[in-house]
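# Fold and geometry: a report
Listed here are the chains, written in short residue letters.
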Amino acid sequence: MPRQILVPVAHGCEEIEAVTIINTLRRAGAQVSVAACTSDGNLEIEASRGIKLVADKHIEACLNKNFHLIALPGGMPGAANLRDNPHLTELLKDQQRFQRWYAAICASSAVVLAHHSLLDNVRATCYPTFFDQLEGALPQPENPVVIDQKNRVITAQGPGCAMSFSFALVDAVYGKDAYRPIAKQMLADWAL
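Here's what I pulled together on the structure shown here. Fair warning: this is a prediction, and the values are worked out from it, not measured in the lab.

Okay, the overall build of the chain next. Secondary structure summary: the chain contains six helices and 11 strands in total. For 192 residues, the compact-globule estimate of 2.2 N^0.38 gives 16 Å, and the C-alpha radius of gyration of the chain, at 15 Å, lies within 12% of that figure. For the chain, the C-alpha atoms occupy an extent of roughly 40 × 35 × 35 Å along the three principal directions. Looking at the chain as a whole, 53% of its 192 residues qualify as buried.

Within strand β2 (residues 31–36), five of the six residues are buried, which leaves the element mostly enclosed by the surrounding structure. Inspection of the sheet shows strand β1 (residues 4–9) paired to β2 by six bridges, in the parallel sense. Its bridge partner lying in β2, L6 is registered against S33. Regarding topology, helix α1 (residues 15–27) serves as the crossover connection from β1 to the parallel β2, and that connection is right-handed. Sheet topology places β2 next to strand β5 (residues 57–58); two bridges connect them, and they run parallel. Counted as the bridge partner of A35 is K57 from β5.

We now examine the pattern of salt bridges. Considering all chains together, one arrives at six salt bridges under this definition. A salt bridge links R26 to D56; its shortest N-O distance comes to 3.3 Å. Here the residue R26 occupies a position in helix α1, and D56 occupies one in the loop between β4 (52–54) and β5, the gap between them amounting to 30 residues. On the basis of relative accessibility, which here comes to 41%, the residue R26 falls in the partly exposed class. With relative accessibility at 43%, the residue D56 sits in the partly exposed group. Of the charged contacts in the structure, one is a salt bridge between R83 and D84, with a shortest N-O distance of 2.8 Å.

What follows covers the environment of L91. Following the sequence through the fold, L91 ends up in helix α3 (residues 86–97). Note on L91: relative accessible area 4%, which makes it buried. Spatially, the C-alpha atoms of L91 and L6 are 9.7 Å apart, while their sequence positions differ by 85 residues. Those residues within four positions of L91 in sequence are excluded, and the remaining contacts are L6, I59, C62, L63, K65, F67 and I70.

What follows is about the nonpolar core. The tendency in soluble globular proteins is for nonpolar side chains to be buried side by side. In terms of nonpolar packing, the biggest core is built from 37 residues, with I5, I21, L25, V32, L69, F165 and L169 touching the most fellow members. Within the residue set of this core, elements represented by two or more residues are β1, α1, β2, β6 (69–72), β7 (101–105), β11 (153–156), α5 (162–174) and α6 (180–185). No other element matches α5, which puts seven residues into this core. Apart from the residues within four sequence positions on either side, V32 is in contact with I5, V7, I22, L25, R26 and D56.

This brings us to the sheet that holds β7. Reading across from one edge, β5-β2-β1-β6-β7-β11-β10 is the order of the seven strands in this open sheet, with mixed pairing throughout. Across the chains shown, the open sheet's two edge strands, defined by having one partner strand only, are β5 and β10 (145–148). Each of β1, β2, β6 and β7 is contacted by α1, which is oriented at about 155° to β2, the strand it contacts most. Contacts from helix α4 (residues 107–114) reach β6, β7 and β11, with the element oriented near 130° to β7.

Thresholds applied
Residues numbered from 1 in each chain as written. Predicted model: local features only at pLDDT ≥ 70, side-chain atom pairs only at ≥ 80, totals over all residues. Heavy atoms only, no water. Helix = DSSP H or I, 4+ residues; strand = E, 2+ residues; numbered from the N terminus. Rg over C-alpha atoms; globule rule 2.2 N^0.38 Å. Buried < 20%, exposed > 50% of the residue type's maximum accessible area, 1.4 Å probe, protein only. Pairing = 2+ DSSP bridges. Right-handed = clockwise from strand over helix to strand, strands pointing away. Salt bridge = Lys/Arg side-chain N within 4 Å of Asp/Glu carboxyl O. Contact = heavy atoms within 4.5 Å. Core = buried A, V, L, I, M, F, W, Y, C linked by side-chain atoms within 4.5 Å. Axes fitted to C-alpha atoms, helices over the stretch in contact; angles between N-to-C directions.

Rendered as structure tokens:
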């Protein structure tokens, strides 16, 4: 059965992270909904390096739905734009309340999750220049990807970790080592 995954995107998000998350989870068989967090209701966003991405729906269409996982790409000002979207904040707080997985990479760990107290007493990491903003978290600066199994939170440091982060997301929703056949298919044997 496909797992329901939400990947919110906003102007200024990091495209390597967004596309790697979406692509890897779809390869695993997940039903990935890409939701635009834009104030004008537009589905097209311009990512941090000028690449345009088109979402499947607007974030408002995702309210009152259950997701196995919500995974946030980072990038600036993308993370700040995600942080400031009240609909996304509501969805993330529901994930925490109902003990469902949520994840963030790069700036989004600090700028979104820590800002909304979603990393309190959670082992986490983020892009190095944002470590001082991991308020309430148990920072793990030595680890590029951190999986807090107890709290159902996965965080990672940045674009270079996007593939490993995405494989951790696959394992979170499909079970331990579920990422292995996808890693082989993608010639990412280094991750095995």
